[in-house]
Protein chains: 2
Amino acid sequence: MEFKEKLDSYISLAEDSLKVYNAHSDNNKPQSGLIDAMNYSLEAGGKRVRPVLVYSFCEMLGGDLRKAKAPAAAIEMIHTFSLIHDDLPAMDDDDFRRGRPSCHKAYGEAMAILAGDALSVLPFEIIADDNELDAAEKVRIISYLAKAVGRDGMIGGQVIDMENEERTDVDEANLRNMYRCKTGQLIAASCVMGCICAGADADVIRTAEEYAFRLGLAFQIIDDILDVTGTQENLGKPVGSDEEENKTTFVTLYGVARAQEIASAITSEAMTLLEQFDNSGFLKQLTEMLLKRTK
Amino acid sequence: MEFKEKLDSYISLAEDSLKVYNAHSDNNKPQSGLIDAMNYSLEAGGKRVRPVLVYSFCEMLGGDLRKAKAPAAAIEMIHTFSLIHDDLPAMDDDDFRRGRPSCHKAYGEAMAILAGDALSVLPFEIIADDNELDAAEKVRIISYLAKAVGRDGMIGGQVIDMENEERTDVDEANLRNMYRCKTGQLIAASCVMGCICAGADADVIRTAEEYAFRLGLAFQIIDDILDVTGTQENLGKPVGSDEEENKTTFVTLYGVARAQEIASAITSEAMTLLEQFDNSGFLKQLTEMLLKRTK
């Protein structure tokens, strides 16, 4: 199968499962507005990078894609929950997300808080209730995922990001740690969950993590670059927000050209790690695509 | 052991475990402010009703209290997360909680959102990583807990509560459903997790649920009453907020005296359900204490 075809098939698997797991409620339920707000953000599209990583690691390692269904939906829910809360007025105060009004602009702030909250716990429900994974696999997946989200993961990274805005001495080591927490941990969880679904051993999981943290870092540096070089039309969100919020990024530290070189070098390391796997053609093309993206 | 002694021993077990699971971070971590904010709210006290229910159901049914440790801490974290988000300006906008500034007054709104978020996922991490529960028990507990929190549980109930403020036709059936979701589901999760820790069968779990939903409803009706008859000093939070927010409650529907009668009748049903268990002396006294509380 061609790369684009396979990518689309993973994305459509992910989107179908998101619909199933958060079905549109019948309107008799008094809390149907909550489910609408959750679906509004889940269905807003995006690149679905995280579920694609779950599926592609699982398949590359010879696993059954049915096992990856719940973890793939779970990781996209977590990502969506973080976007909803990130956009809130008390956080980044972004009115647009993926070309549409952000959740709190469409549903109000209270509902957006609660929709994010509901999307932070639903992932654990669907993994626990899954029919394909066994109990030991579920527990490993939940443990890894919860850590990737929590104090030393995505949420911890958001706190570092926030506190960095008050500082003028943010250096590369701080930024790398912040991106590792904020973005890297969820990317790592995606790859590792795919490995667990395929019954991979500890060495394979370690290599997948090493790859994932590099992919996540390159991905984030490219976000820094696009915030300067992109357009709102392409990105579906305002550009120039980093400068406006006084954020230190790889671009403010080193300029666009050097940031691009760093992202390329890190991506090369990620590509080299993929050499350790057979059948990594799809993942190599995905990694290159993410580096060359303009949105 | 006397009731008060046993209650205090369960509470102190719960408080010790909350400290262990969310240890004060070393200050070298750049996200230590997050852990401080989480601890600020976790350590604010409160009645610890939910962990006490986990421990007491586990012990009443002959289970090992060490198995109840992670679920007991988990349910209190979920409760604390809900209080932090409930108090936010976009939600109930409460400046005080348990006699102290609410989390967003002490740490700022963004940090309070993130502290609540971190406390919504940490419970799943500590259950998954527990050394006393087996994988099958963990999966059952996580499944039950996540549902109790989510769309048809606590968060769904908060949405119904919020939407009721816009309505003038809220009736008793609506209120009962809202309280069942918002309060009852977490109380039920507490009791059911205690049952699972003790290896209880499906009949026992069903009776525990029936008891829990009655306890939760009585508890909530008493909250309605205390919002009118209590004092800020006793409650540690402002009184009269229901009326201010145009909330329909059992008191606005029926008056204080009739609301008290309804709470007593529901408590009697809960007490009758406890008759089905041997050794339910502690739980009977707890149930009575919760009905007679003035704060």
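Note that the coordinates shown come from a computational prediction; the quantities given were computed from them, not determined experimentally. (Residues numbered from 1 in each chain as written. Chains lettered and ligands numbered in written order. Predicted model: local features only at pLDDT ≥ 70, side-chain atom pairs only at ≥ 80, totals over all residues. Heavy atoms only, no water.)

**Student:** What am I meant to see in the relation of the copies chain B and chain A here?
**Tutor:** In summary, the two copies of the chain are related to each other by a rotation about an axis coupled with a shift along it. When chain B is fitted to chain A, the best match, at an RMSD of 0.0 Å, comes from turning it 180 degrees and sliding it 0.0 Å along the axis. One copy is carried onto the other by what is essentially a two-fold rotation axis. Of every C-alpha in chain B, the one belonging to Ala 135 of chain B sits nearest the axis of rotation, 2.8 Å from it. Most of the interface of chain B is mirrored in chain A, where 100% of its interface residues are also at the interface. (Least-squares fit on C-alpha atoms with pLDDT ≥ 70 in both. Contact = heavy atoms within 4.5 Å.)

**Student:** Teacher, can you tell me more about the nonpolar core here?
**Tutor:** Considering soluble globular proteins, one finds that nonpolar side chains tend to be buried as a cluster. Formed by 171 residues in total, the largest nonpolar core has its most connected members in Leu 145 and Tyr 211 of chain A together with Leu 145 and Tyr 211 of chain B. In contact with Tyr 211 of chain A, other than residues within four places in its own chain, are Leu 53, Phe 57, Cys 191, Ala 270, Leu 273, Leu 274, Leu 283 and Thr 287 of chain A. (Core = buried A, V, L, I, M, F, W, Y, C linked by side-chain atoms within 4.5 Å. Buried < 20%, exposed > 50% of the residue type's maximum accessible area, 1.4 Å probe, protein only.)

**Student:** So what exactly am I meant to see when it comes to the packing of helix H8 (residues 154-164) of chain B against helix H9 (residues 172-197) of chain B here?
**Tutor:** Any two packed helices are characterised by how steeply their axes cross, that is the angle between the axes, and by the distance between the axes. All names here are of chain B. Remark: H8 packs on H9, axes separated minimally by 7 Å, with the N-to-C direction vectors making an angle of 145 degrees. The hand of the H8/H9 crossing is left-handed. When H8 is examined against H9, the residues Met 154, Gly 157, Gln 158, Ile 160, Asp 161 and Asn 164 are found in contact with a partner set consisting of Asn 174, Asn 177, Met 178, Cys 181, Lys 182 and Leu 186. Looking at the contact of H8 with H9 residue by residue, the classes come out as five nonpolar, five polar and two charged. (Axes fitted to C-alpha atoms, helices over the stretch in contact; angles between N-to-C directions. Helix = DSSP H or I, 4+ residues; strand = E, 2+ residues; numbered from the N terminus. Left-handed = near helix turned anticlockwise from the far one by under 90°. Nonpolar A, V, L, I, M, F, W, Y, C, P; charged D, E, K, R; others polar.)

**Student:** Explanation requested: the packing of helix H3 (residues 49-60) of chain A against helix H9 (residues 172-197) of chain A in the structure shown.
**Tutor:** Residue and element names in this part refer to chain A. It is the contact of H3 with H9, at a shortest axis distance of 7 Å, that shows an interaxial angle of 30 degrees. Relative to H9, the element H3 is oriented roughly parallel. Where H3 crosses over H9, the handedness of that crossing is right-handed. In this structure, H3 contributes Arg 50, Leu 53, Val 54, Phe 57 and Cys 58 to the contact, and H9 contributes Leu 186, Ile 187, Ser 190, Cys 191, Met 193, Gly 194, Cys 195 and Cys 197. (Parallel < 35°, antiparallel > 145°, perpendicular 65-115°, else oblique.)

**Student:** Help me understand the pattern of salt bridges in this model?
**Tutor:** Pairing of side chains with opposite charge becomes possible as their charged atoms draw close. Residue and element names in this part refer to chain A. Throughout the structure, instances matching the rule amount to 40 salt bridges over all chains. Across the pair Glu 15 and Arg 48 runs a salt bridge, and its minimum N-O distance is 2.8 Å. Of this pair, Glu 15 sits in helix H1 (residues 3-21) while Arg 48 sits in the loop between helix H2 (32-42) and H3; the two residues are 33 residues apart in sequence, bridging distant segments of the chain. Between Arg 66 and Asp 64 there is a salt bridge; the shortest N-O distance is 2.9 Å. On the basis of relative accessible area, Asp 64 is assigned to the partly exposed category, the value being 32%. (Salt bridge = Lys/Arg side-chain N within 4 Å of Asp/Glu carboxyl O.)

Read these as geometric descriptors, not functional statements.
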